[in-house]
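Examining the three-dimensional arrangement
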Amino acid sequence: MISLAGRDIAHSWGKFALTGLGLGLLIGVTLTMAGVYRGMVDDAMALLNNSGADLWVVQKDTQGPYAEASSIRDDYVRGVLGMPGVARAANITYLTMQVRKGQSDTRVMVVGVESGQLGEPAYLISGRHIVQSHYEALADVKTGFELNDLIQIKRHQYRVVGLTRRMVSSGGDPMVFIPIKDAQEAQFLKDNDAILNDRARNVANPSLNRPIPGLLDAITASQSTNHSVNAILVQIQAGSSPEEVAKPIRRWKHLEVYTRAQMEEILVAKLIANSAKQIGMFLVILAVVSAAIVAFIIYTMTLGKIREIAVLKLIGTQNSTIGSMILQQALGLGLIGFVVGKTSATFWAPLFPKYVLLEPVDAIIGFILVMVICALASTLAIRAALLVDPAQAIGG
């Protein structure tokens with residue numbers, strides 16, 4: 001049996017191909033938007049996985065350390081280590097900032113870690129781990145840094161001794177790891193001018209500058225040192241329940257403790273919720289635009305063949321056959337568009353500054369939606385074709 005839709009497409013294949021290409025680029029953008037959301041979720045999960053923690057101990061009444069600011073004393077870790085069910089615990093700091101290399105800046109999350117403890121990268125693709133207590137750094141390859149590069153973090157320079165991969169913040173910023181003492185200084189301590197001004201204020205303050213030996217020096221020293229961290233990462237013993245381990249820490253240490261499930265909810269359901277809604281709105285708009293384009297093109301192509309459709313009716317062609325021809329053209333347009341869109345999204349996704357994760361399930365759902373949208377969009381053209389009077393084939 002001759003395919004009327006195939007014959008018609010072959011007759012105007014140039015217009016059909018260009019339309020499919022334009023629709024395909026639109027579909028590619030839609031798939032990319034879905035991939036951006038998937039990438040945001042994957043970045044959040046990578047952040048939690050890379051920490052190696054089962055529990056996050058943070059400042060009370062905060063949702064830190066990723067969604068809110070959190071500051072606790074670094075000596076709390078000893079008390080946490082003594083709690084039942086705790087296998088390992090380590091201090092950690094997080095600070096998003098611009099890191100300078102030469103004359104250029106790179107936005108990164110600077111992470112202060114203890115060597116060999118939780119929070120340190122589990123693997124390196126080159127180089128070695130930090131072994132010195134100061135001025136060494138590990139960097140994610142996404143930063144563009146290489147081994148032995150010198151990078152400026154606040155007042156000090158750090159040498160990159162190791163490179164890792166997929167160590168990113170929930171916002172997709174690559175991580176740079178430095179010793180925790182250096183990170184505490186970079187995050188919490190003031191610059192030199194501020195320290196000098198504070199010392200001058202202490203000297204001028206009668207309540208501080210009293211005739212007590214060593215008082216002023218002790219106050220000045222306390223202002224020049226820092227013992228705060230953002231969180232304590234906790235790994236529980238095998239067989240222990242995260243919530244059961246967390247309860248006594250909350251009760252006796254007066255700190256907030258989040259389990260893995262709670263931290264996932266904070267990152268996904270709260271931290272990136274607005275971004276998810278924004279992307280969802282774009283997907284809806286793009287779907288509506290795609291449907292409008294398909295409907296317009298198929299309707300225009302149908303109006304251009306009114307006489308041919310009238311001839312088909314005159315020779316006894318059934319309405320179902322004519323409707324099927326138009327439906328097949330719409331589905332063919334959707335198929336071409338999806339192939340172009342999926343191919344385009346696959347090629348340009350790695351060029352995006354943030355991680356774009358193209359899941360096969362999204363492609364399957366996208367294909368089904370494209371076919372459904374094209375089928376619905378063809379109804380207007382089918383209705384117009386079925387209303388054609390066979391007499392138009394003779395005198396029109």
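First, a word on scope: everything that follows refers to the structure included in this document. (Residues numbered from 1 in each chain as written. Predicted model: local features only at pLDDT ≥ 70, side-chain atom pairs only at ≥ 80, totals over all residues. Heavy atoms only, no water.)

1. Description of the side chain of T259
Inspection of the secondary structure assignment puts T259 in strand β12 (residues 256-259). Non-local contacts of T259, meaning those with residues more than four positions away in its chain, are made with D54, L55, W56, P242 and E243. (Helix = DSSP H or I, 4+ residues; strand = E, 2+ residues; numbered from the N terminus. Contact = heavy atoms within 4.5 Å.)

2. Describing the packing of aromatic side chains
Applying the stated rule across the entire model yields 3 aromatic pairs. Ring geometry for F338 against F367: centres 5.2 Å apart, planes inclined by 70 degrees, an arrangement best described as edge-to-face. Of this pair, F338 sits in helix α11 (residues 319-348) while F367 sits in helix α12 (residues 360-377), placing them 29 residues apart in sequence. In this structure, R166 packs its charged tip against the face of Y355, placed 4.1 Å from the ring centre. (Phe/Tyr/Trp six-rings, centres within 6.5 Å; stacked < 30°, edge-to-face > 60°. Lys NZ or Arg CZ within 6 Å of the ring centre and 35° of its normal.)

3. Some remarks on the packing of helix α9 (residues 273-303) against α12
Think of two packed helices as two axes; the pair is described by the angle between the axes and how far apart they sit. α12 packs onto α9 with a crossing angle of 45 degrees between their chain directions and a minimal axis gap of 8 Å. By the criterion of interaxial angle, the relationship of α9 to α12 is oblique. Viewed along their axes, α9 and α12 form a crossing whose handedness is right-handed. Packed against α9, whose contacting residues are A287, A291, V294 and A295, the element α12 presents I373, C374 and A377 at the interface. Taken together, the residues that form the contact of α9 with α12 break down as 7 nonpolar, no polar and no charged. (Axes fitted to C-alpha atoms, helices over the stretch in contact; angles between N-to-C directions. Parallel < 35°, antiparallel > 145°, perpendicular 65-115°, else oblique. Left-handed = near helix turned anticlockwise from the far one by under 90°. Nonpolar A, V, L, I, M, F, W, Y, C, P; charged D, E, K, R; others polar.)

4. Quick word on the pattern of salt bridges
Tallying each qualifying case throughout the model produces 13 salt bridges. Note that E185 and R155 form a salt bridge whose closest N and O atoms lie 3.1 Å from each other. Of this pair, E185 sits in helix α4 (residues 180-188) while R155 sits in the loop between β7 (150-153) and β8 (156-164); the two residues are 30 residues apart in sequence, bridging distant segments of the chain. By relative accessible area, E185 is classed as partly exposed at 24%. Here the salt bridges share partners, and the residues they tie into one network are D42, D43 and R166. (Salt bridge = Lys/Arg side-chain N within 4 Å of Asp/Glu carboxyl O. Buried < 20%, exposed > 50% of the residue type's maximum accessible area, 1.4 Å probe, protein only.)

5. Some remarks on the nonpolar core
Counting residues in each nonpolar core, the largest one holds 29 residues, and the members touching the most others are V294, I298, I326 and L333. The set of elements that each furnish at least two residues to this core consists of α2 (13-51), α9, α10 (306-314), α11, α12 and α13 (379-386). Looking at which element gives the most residues to this core, the answer is α11, with 7 residues. With residues up to four places along the chain from it excluded, the contact list for I298 reads I326, Q329, A330, L333 and A381. With 27 residues, the next largest nonpolar core counts W56, L118, V161 and F177 among its residues. (Core = buried A, V, L, I, M, F, W, Y, C linked by side-chain atoms within 4.5 Å.)

6. What to know about α9
Taking 1.5 Å of rise per residue, the 31 residues of α9 would be expected to cover 45 Å, and the 45 Å separating its terminal C-alpha atoms lies within 8% of that figure. When we look at burial in α9, the residues that qualify are A273, I279, L286, S290, V294, A295, I297, I298, M301 and T302. (Expected span 1.5 Å × (residues − 1).)

7. What about the pairing of strand β6 (residues 136-140)?
Counting buried residues along β6, 5 of its 5 residues qualify, which places the element largely inside the surrounding structure. Of the two faces of β6, both are covered, the one formed by E136, L138 and D140 as well as the one formed by A137 and A139. Where β6 meets β8, 5 bridges bridge the pair, whose relative direction is parallel. Residue pairing for β8: A139 is matched across the bridge by L163. As paired elements, β6 and strand β9 (residues 175-179) share 2 bridges and run antiparallel to each other. Across the sheet, A139 pairs through a bridge with V176, a residue of β9. (Pairing = 2+ DSSP bridges.)

8. Structural notes on the pairing of strand β3 (residues 86-101)
Regular strands place side chains that alternate from one sheet face to the opposite one. In terms of strand pairing, β3 meets strand β11 (residues 231-236) through 6 bridges, oriented antiparallel. By the bridge assignment, A90 is partnered in β11 with L233. Where β3 meets strand β4 (residues 104-113), 9 bridges bridge the pair, whose relative direction is antiparallel. Opposite R100, over in β4, you have D105 as the bridge partner. Between β3 and β4, which follow one another and run antiparallel, lie 2 residues, and G102 among them has a positive phi close to 65 degrees.

9. A short note on α13
Buried residues of α13: A381, I382, A384 and A385, and no others. Each buried residue of α13 sits inside an arc of 160 degrees when the element is viewed along its axis, so together they form one side. Contacts from the buried residues of α13 go to α9, α10 and α11. (Arc of directions from axis to C-beta.)

10. Examining unusual backbone geometry
Positive phi outside glycine occurs at K154, with the angle close to 55 degrees. Relative to the assigned elements, K154 resides in the loop between β7 and β8. K154 sits in the partly exposed class, given a relative accessible area of 48%. Of note in the backbone geometry, R166 takes a positive phi value of approximately 60 degrees without being a glycine. As for its position among the elements, R166 is in the loop between β8 and β9.

11. Considerations on a nonpolar patch on the surface
A contiguous nonpolar patch, built from L335, V339, I364, F367, I368, V372 and L376 and spanning about 630 Å² of accessible area, is present on the exposed surface. Broken down by secondary-structure element, the contributors of at least two residues to the nonpolar patch are α11 and α12. With 5 residues, the single largest contributor to the nonpolar patch is α12. Given a relative accessible area of 32%, F367 falls into the partly exposed group. (Patch = residues over 30% accessible without salt bridge, like charges linked within 9 Å, V, L, I, M, F, W, Y side chains within 5 Å. Areas by Shrake-Rupley, 256 points an atom, 1.4 Å probe, with all protein chains shown as cover.)

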